[in-house]
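# Remarks on the overall topology
Listed below are the residues making up each chain.
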Amino acid sequence: MNQKIPTLQLDNVGKRFGGLPAVDGLSLSAPAGAITGLIGPNGAGKTTAINLIMGILKLTSGRILFNGKDVSTLEAADLARLGMARTFQNIRLVADGTVLDNVLSGFHIHQRTGFWANLLGLPYAHTEQAQHRAQAQALLEQFGMAHLAGHRAGTLSYGHQRRIEMMRALAMKPQLLLLDEPVAGMNDTEAAELGHIFSQVAASGVAILLVEHNMRFVTQICSRLYVSASGRLIAQGTPETVLANPVVIEAYLGS
Ligand SMILES: Nc1ncnc2c1ncn2[C@@H]1O[C@H](COP(=O)(O)OP(=O)(O)OP(=O)(O)O)[C@@H](O)[C@H]1O
Ligand SMILES: [Mg+2]
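Before going into details, it helps to say that this report is about the structure given with it. (Residues numbered from 1 in each chain as written. Chains lettered and ligands numbered in written order. Predicted model: local features only at pLDDT ≥ 70, side-chain atom pairs only at ≥ 80, totals over all residues. Heavy atoms only, no water.)

## A closer look at the pairing of strand 8 (residues 207–211)
Summarising burial for strand 8: five of the five residues are buried, a large majority. Both faces of strand 8 are covered, namely the face carrying Ala-207, Leu-209 and Val-211 and the face carrying Ile-208 and Leu-210. One crossover worth recording links strand 7 (residues 176–180) to the parallel strand 8 by way of helix 7 (residues 188–203), and it is right-handed. (Buried < 20%, exposed > 50% of the residue type's maximum accessible area, 1.4 Å probe, protein only. Helix = DSSP H or I, 4+ residues; strand = E, 2+ residues; numbered from the N terminus. Right-handed = clockwise from strand over helix to strand, strands pointing away.)

Written out as structure tokens, the structure reads:
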């Protein structure tokens, strides 16, 4: 029994809004180095699960473990510092900021130098800023957006804005990356390009939990799938076995 502890574990997690369960006894794990999928029909509780993991919402029951430690009661800011990052189902960017500024904002969470050091132009502040710019540049190249660095984020296409969100999340150097419908509204070619990048990110040792409706995409990049319907886990396993499961097919057809 020398198995490595998964980066993220949900242990019988529940969340009720008023009397109604949005997430009802959800257990899953997301190991480092892999993309784990969480799928299910609309209203299945997927976004709620992400908000619980990130500390935006408080659990009604169960536990959330991060690298084996119970983080169920921690605040969002602490969890971000510990190494959780996410993208939103509805894009949230500084529309008037440049692409580079938006990506750079992701680095602030790890910034050592404070406001005064930056203002006074202390040497270490310059060094840190230069490092962040270089790392942001590398992300822009990885995502094929280096030529757009100076463009205002709000003027770009939906697909590009999605990429900016992901770069900003990756700038936080997360151990766990939560992606809520990252390829919604993209065509298969765009989705496949992003899927390739996600696989690279996972291969670098990050645990990725992916919420997504695009089944082709999910099947291509996830090593394991969890299926939720009306807040409850109805199936789990490899993409092939899960998507062939009559219970899963029924849940989708019924919605
Ligand atoms: N803040 C809230 N207050 C009350 N009910 C909520 C709240 N957030 C979500 N719900 C309810 O919880 C259930 C799960 O919603 P959630 O957004 O997590 O589903 P989802 O799986 O992300 O759906 P989709 O695929 O449409 O994004 C829904 O019935 C929703 O109406
Ligand atoms: Mg959702």
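## Considerations on the nonpolar core
Counting residues in each nonpolar core, the largest one holds 47 residues, and the members touching the most others are Ile-164, Met-167, Phe-198 and Ile-208. Here this core spans two domains, since at least three of its residues come from each of domain 1 (1–83 + 174–255) and domain 2 (94–172). Leu-10, Leu-38, Met-54 and Val-211 belong to the second largest nonpolar core, which has 25 residues in total. (Core = buried A, V, L, I, M, F, W, Y, C linked by side-chain atoms within 4.5 Å. Domains from an automatic or database assignment.)

## Digging into the site of ligand 1
The immediate surroundings of ligand 1 are formed by Phe-17, Ala-22, Asn-42, Gly-43, Ala-44, Gly-45, Lys-46, Thr-47, Thr-48, Gln-89, Glu-181 and His-213. In this structure, Ala-44 approaches ligand 1 through a main-chain N or O atom, which is 3.1 Å from an oxygen atom. For ligand 1, an oxygen atom lies 2.6 Å from a polar atom in the side chain of Thr-48. Computed on the free molecule, ligand 1 has an accessible area of 640 Å², of which 57% lies beneath the protein chains in the complex. Looking at the shell around ligand 1 element by element, the count peaks at three residues for helix 1 (residues 46–53). Residues belonging to the shell around ligand 1 are distributed by class as follows: three nonpolar, seven polar and two charged. (Near = heavy atom within 4 Å. Polar contact = N/O pair within 3.5 Å; in protein donor to acceptor, adjacent residues only side chain to side chain. Areas by Shrake-Rupley, 256 points an atom, 1.4 Å probe, with all protein chains shown as cover. Nonpolar A, V, L, I, M, F, W, Y, C, P; charged D, E, K, R; others polar.)

## A word on the sheet that holds strand 5 (residues 69–70)
The sheet built from four strands is open, its strands ordered 2-1-4-5 with antiparallel pairing. The outermost strands of the open sheet, each flanked by one partner alone, are strand 2 (20–30) and strand 5. Note: strand 4 (residues 61–66) against strand 5, two bridges, orientation antiparallel. Residue pairing across strands places Leu-65 opposite Asp-70, the latter belonging to strand 5. The strands touched by helix 1 are strand 1 (8–17), strand 2 and strand 4; relative to strand 1, the strand with the most contacts, the crossing angle is about 115°. (Pairing = 2+ DSSP bridges. Contact = heavy atoms within 4.5 Å. Axes fitted to C-alpha atoms, helices over the stretch in contact; angles between N-to-C directions.)

## Thoughts on the environment of Thr-48
Tracing the backbone through its elements, the reader meets Thr-48 in helix 1. With 14 residues separating them in the primary sequence, Thr-48 and Gly-62 have C-alpha atoms 14 Å apart. Look past the residues within four positions of Thr-48 in its chain and what remains in contact with it is Lys-15, Phe-17, Ala-22, Val-23 and Leu-57.

## Examining the coordination of the magnesium ion (ligand 2)
Binding of the magnesium ion (ligand 2) to the protein goes through Thr-47 (OG1) and Gln-89 (OE1), at separations of 2.0 to 2.3 Å. Taken together, the positions of Thr-47 in helix 1 and Gln-89 in the loop between strand 6 (84–87) and helix 3 (99–105) put the pair 42 residues apart, joining distant regions of the chain. Since its relative accessible area comes to 26%, Thr-47 is described here as partly exposed. Residue classification places Gln-89 among the partly exposed positions, given a relative accessible area of 34%. (Donors = N, O, S within 2.8 Å, 3.2 Å for Na, K, Ca; no water.)

## Some remarks on the packing of aromatic side chains
Taken as a whole and judged by the stated rule, the model has one aromatic pair. Each ring, one from Phe-198 and one from Phe-217, has its centre 6.2 Å from the other, and the planes form 75°; the classification is edge-to-face. Taken together, the residues Phe-198 in helix 7 and Phe-217 in helix 8 (residues 215–221) connect sequence positions 19 residues apart. With a relative accessible area of 3%, Phe-198 lands in the buried category. (Phe/Tyr/Trp six-rings, centres within 6.5 Å; stacked < 30°, edge-to-face > 60°.)

## Comments concerning the pairing of strand 3 (residues 35–39)
Strand 3 sits mainly inside the fold: five of its five residues count as buried. Side chains Ile-35, Gly-37 and Ile-39 of strand 3 all project onto a buried face; the interleaved residues Thr-36 and Leu-38 project onto the opposite face, where all are buried too. Summarising the sheet, strand 3 and strand 8 pair through four bridges and their orientation is parallel. Residue pairing for strand 8: Gly-37 is matched across the bridge by Leu-210.

## Some remarks on the pattern of salt bridges
All chains considered together, the criterion is met by eight salt bridges. Asp-96 is the salt-bridge partner of Arg-152, the closest N and O atoms lying 3.3 Å from each other. Of the two residues, Arg-152 is situated in the loop between helix 5 (123–142) and helix 6 (158–171) and Asp-96 in the loop between strand 6 and helix 3; the sequence distance between them amounts to 56 residues. Among the residues examined, Arg-152 registers a relative accessible area of 43% and is labelled partly exposed. Because the salt bridges share partners, they merge into one network encompassing Arg-162, Glu-165 and Arg-168. (Salt bridge = Lys/Arg side-chain N within 4 Å of Asp/Glu carboxyl O.)

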